[in-house]
Amino acid sequence: MPSLLIALLIMLAGTLYPLLFANSKAQADHGLALALFVAMSVGFVRGVGFIPVKPVWRWLFSGWTCLLALLVAAILKALH
């Protein structure tokens, strides 16, 4: 459930406030957008209850990956 809530929050925030994905010069920050979109994608996959069988895919679509992507996004946002 937390992963799905994170994905929905990123989706809504990005829709309502597109400058979330921009740097201080209002230019697209591709690294930040990538990190947020990874967190959103993983959040949706894990949030709806899909758990892959293969260990590599299970790790890539885990809550920990979602949290790591959010941490990277927060660091990138703080640096800009």
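For the structure itself, consult the block above.
Heads up: these notes are all about the structure in this document. Just so it is clear, the model here is predicted, and its values are computed rather than measured.

Thresholds applied
- Residues numbered from 1 in each chain as written.
- Predicted model: local features only at pLDDT ≥ 70, side-chain atom pairs only at ≥ 80, totals over all residues.
- Heavy atoms only, no water.
- Helix = DSSP H or I, 4+ residues; strand = E, 2+ residues; numbered from the N terminus.
- Buried < 20%, exposed > 50% of the residue type's maximum accessible area, 1.4 Å probe, protein only.
- Contact = heavy atoms within 4.5 Å.
- Areas by Shrake-Rupley, 256 points an atom, 1.4 Å probe, with all protein chains shown as cover.
- Axes fitted to C-alpha atoms, helices over the stretch in contact; angles between N-to-C directions.
- Parallel < 35°, antiparallel > 145°, perpendicular 65-115°, else oblique.
- Left-handed = near helix turned anticlockwise from the far one by under 90°.
- Nonpolar A, V, L, I, M, F, W, Y, C, P; charged D, E, K, R; others polar.

Thoughts on the overall build of the protein
Phase 1: A count of helices and strands for the protein gives four helices and zero strands.
Phase 2: Starting at the N terminus and ending at the C terminus, the protein contains elements arranged as α-α-α-α.
Phase 3: Along the first, second and third principal axes, the C-alpha atoms of the protein reach 45 × 20 × 15 Å.
Phase 4: When the 80 residues of the protein are sorted by exposure, 29% land in the buried category.
Phase 5: The contacts in the protein between residues at least 6 apart in sequence include a share of 57% that link residues at least 24 apart.
Phase 6: Accessible area for the protein stands at about 5500 Å²; split by element, carbon and sulfur atoms hold 78% of it.

Comments concerning the side chain of Ser62
Phase 1: Among the structural elements, Ser62 can be located in the loop between helix H3 (55-60) and helix H4 (63-79).
Phase 2: With a relative accessible area of 8%, Ser62 lands in the buried category.
Phase 3: Ser62 has contacts with Val42 and Arg46, leaving out every residue within four places of it along the chain.

So, unusual backbone geometry
Phase 1: Unlike most non-glycine residues, Ala26 shows phi in positive territory, near 65°.
Phase 2: One can find Ala26 in the loop between helix H1 (2-16) and helix H2 (30-47).

Let's talk about the packing of H1 against H2
Phase 1: Following both chains from N to C, one finds H1 and H2 inclined at 135°, their axes separated by 7 Å at the closest point. Classified by the angle their axes make, H1 and H2 are oblique. Where H1 crosses over H2, the handedness of that crossing is left-handed. Facing Ser3, Leu4, Ala7, Leu8, Ile10 and Met11 of H1, the residues of H2 in contact are Leu36, Ala39, Met40, Gly43, Phe44, Arg46 and Gly47.
Phase 2: Tallied by class, the residues present in the contact of H1 with H2 amount to nine nonpolar, three polar and one charged.

Section: the packing of H2 against H4
Phase 1: The N-to-C vectors of H2 and H4 enclose an angle of 160°; their axes lie 8 Å apart at closest approach. The orientation of H2 relative to H4 falls into the category roughly antiparallel. H2 and H4 meet at a crossing whose hand is left-handed. Contacts between H2 and H4 involve Gly31, Leu32, Ala35, Leu36, Val38, Ala39, Val42, Gly43 and Arg46 on the former and, on the latter, Gly63, Thr65, Cys66, Ala69, Leu70, Val72, Ala73, Leu76 and Lys77.
Phase 2: A per-class count over the contact of H2 with H4 returns twelve nonpolar, four polar and two charged.

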